Amino acid sequence: MKYDRQYDDIINLPHHISQKHPQMSLYARSAQFAPFAALTGYEDAIKQTSRETSEKIDIDDELKSILDSKLQIIMEQIKNIIFDVGMVLVNWDPHAAFQELGFDEKTEEAVGNATVYSDAWNESDRSVLDAEEQLAVFVQNAPEYEKEIRLFWENVARAIYQYDYSRAWIRELKQKGYHVYILSNYGKWTYEHTAEALSFLSDVDGQVFSFEVHQIKPEPEIYRTLLDKFNLVADECVFLDDRRENIEAAETQGIHTVLFTTYQDALEKLKTYGVM
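Residues numbered from 1 in each chain as written. Predicted model: local features only at pLDDT ≥ 70, side-chain atom pairs only at ≥ 80, totals over all residues. Heavy atoms only, no water.

Participant: Even after reading the chapter, I still don't get the overall build of the protein chain, so can you show me in this structure?
Facilitator: A tally of helices and strands in the protein chain yields 15 helices and seven strands. Taken across its 276 residues, the protein chain has 37% of its residues classed as buried. Across the protein chain, the fraction of contacts at a sequence separation of at least 24, relative to all contacts at a separation of at least 6, is 67%. Accessible area of the protein chain: about 17,700 Å², with a carbon and sulfur share of 52%. (Helix = DSSP H or I, 4+ residues; strand = E, 2+ residues; numbered from the N terminus. Buried < 20%, exposed > 50% of the residue type's maximum accessible area, 1.4 Å probe, protein only. Contact = heavy atoms within 4.5 Å. Areas by Shrake-Rupley, 256 points an atom, 1.4 Å probe, with all protein chains shown as cover.)

Now the structure itself:
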């Protein structure tokens, strides 16, 4: 070991020796650390625990056959693929829109909190209010930023663009014989201003947008609305969405699901349902 000499000027200085109390013996000093002896063997126990593994679950041939049969049934019965839109087929990036509009950090935070990051935005997806009424709600959230809020509202399309794979993916599924549907939380104003990003709608068999039915995910009613509108059997459907709460709500309606993270990951997950 290399000796560090940077403390030579103090290491050999004389230390204080009490004239009142006798100096402790080496044995007495070491006894102060006796409580730590209880930890003896702790490291060995940790090492042993790290070597232990859960017991392997053995599945007998009969149970394996039952599970295989059920999986085969699911794989053969999937007929319908249901897509969410935002962050699945199109990118939703308000930050990019704010940047394009020249908002500084403070303005972006204020406008974002008044609009897309507010509860009012979810209600705009429901579209019970008309566009002007909805805009007034946003402005009320940050009246000092009315000009910027209106600017973003008029340019909401800057926050949305279609992913490169989306249309080809839908067309490929259609060519393989699957029916494709859309189930999305999407405001009427946004819908009317993002037609280009939604060009794949001409390729699908049907859609339910929240603004059309005044229902939003994860409310169970909107899933029933889709199933009833197109006479779909829940057990014959797979729904892809990027939000776990929406996936869980679909499952309560008997719909198979894929939690969407990336396109490639979704392709792999769909294979478990026999969708190649």
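From this point, the discussion proceeds with the structure in view.
Participant: Looking at this model, I keep getting lost on the packing of aromatic side chains. Mind explaining?
Facilitator: What characterises a pair of aromatic rings is the spacing of the ring centres plus the angle enclosed by the ring planes. Using the criterion set out here, one finds 21 aromatic pairs in the structure. Ring centres of W121 and W153 lie 6.2 Å apart, and the angle between their planes is 85°; on these two criteria the pair is classed as edge-to-face. On the criterion of sequence distance, the pair formed by W121 in helix α7 (residues 119-126) and W153 in helix α9 (residues 146-154) is long-range, its members being 32 residues apart. As far as the burial class goes, W121 and W153 line up, both buried. Plain terms: the ring middles of Y165 and Y263 are 4.4 Å apart, the flat faces sit at 10° to each other, and that makes the pair stacked. In this pair, Y165 is assigned in the loop between β3 (160-162) and α10 (166-175) and Y263 in helix α15 (residues 263-271), connecting sequence segments 98 residues apart. Taking relative accessible area as the criterion, Y165 reaches 17% and is therefore assigned buried. What links up through ring pairs into an aromatic cluster is the set W92, F98, F103, W121, F138, F152, W153 and W189. (Phe/Tyr/Trp six-rings, centres within 6.5 Å; stacked < 30°, edge-to-face > 60°.)

Participant: Is there a simple way to explain a negative patch on the surface in this structure?
Facilitator: Side chains of D130, E132, E133 and E154 sit close together on the surface and give a patch of like negative charge. Along the chain, E132 falls in helix α8 (residues 131-141). Taking relative accessible area as the criterion, E132 reaches 53% and is therefore assigned exposed. (Patch = residues over 30% accessible without salt bridge, like charges linked within 9 Å, V, L, I, M, F, W, Y side chains within 5 Å. Salt bridge = Lys/Arg side-chain N within 4 Å of Asp/Glu carboxyl O. Lys, Arg positive; Asp, Glu negative; His and termini not counted. Charge placed at Lys NZ, Arg CZ, Asp CG, Glu CD.)

Participant: Hey, could you run me through α10 in this one?
Facilitator: Think of an α-helix as turning once every 3.6 residues; residues three or four places apart then point the same way. For α10, the complete set of buried residues consists of S166, W169, I170 and L173. Here the buried residues of α10 occupy an arc of 95° about the axis, which is enough to place them on one side. Residues of α10 that are exposed and point over 90 degrees away from its buried face: A168 and Q175. At its buried positions, α10 is contacted by β1 (80-83), β3, β4 (179-184), β6 (237-241) and α15. (Arc of directions from axis to C-beta.)

Participant: How should I be thinking about the nonpolar core in this particular structure?
Facilitator: F83, W169 and L240 are the most contacted members of the largest nonpolar core, which has 53 residues in total. When sequence neighbours within four positions are dropped, the list of residues in contact with W169 reads F83, L89, L240, F260, Y263, A266, L267 and L270. Core analysis: the second largest hydrophobic core is formed by 16 residues, L226, A234, F239 and A249 among them. (Core = buried A, V, L, I, M, F, W, Y, C linked by side-chain atoms within 4.5 Å.)

Participant: Can you walk me through the packing of helix α6 (residues 105-114) against α9 in this structure?
Facilitator: Packed helices, taken two at a time, are described by the angle their axes make and the gap between the axes. Interhelical geometry of α6 versus α9 gives an angle of 70° and a closest axis separation of 10 Å. Between α6 and α9, the angle is such that the two are roughly perpendicular. Taken as a pair, α6 and α9 cross one another with a handedness that is right-handed. From α6, T107, V111 and A114 reach across to α9, where they touch E148, I149 and F152. (Axes fitted to C-alpha atoms, helices over the stretch in contact; angles between N-to-C directions. Parallel < 35°, antiparallel > 145°, perpendicular 65-115°, else oblique. Left-handed = near helix turned anticlockwise from the far one by under 90°.)

Participant: Even after reading the chapter, I still don't get the pattern of salt bridges, so can you show me in this structure?
Facilitator: Oppositely charged side chains are able to pair whenever their charged atoms sit close together. In the structure shown here, the tally under the stated rule is 15 salt bridges. Salt-bridge contacts for K217 lead to D84; the nearest nitrogen and oxygen are separated by 2.9 Å. Taken together, the positions of K217 in the loop between α12 (210-213) and α13 (220-229) and D84 in the loop between β1 and β2 (90-92) put the pair 133 residues apart, joining distant regions of the chain. Both residues of the pair, K217 and D84, count as buried. Of the charged contacts, one joins D228 and R224 as a salt bridge, the two residues approaching to 3.5 Å between their closest N and O atoms. Placement of both D228 and R224 in helix α13 is noted, with a separation of four residues, approximately one turn of the helix. The network of salt bridges with shared partners includes D84, K217 and D241.

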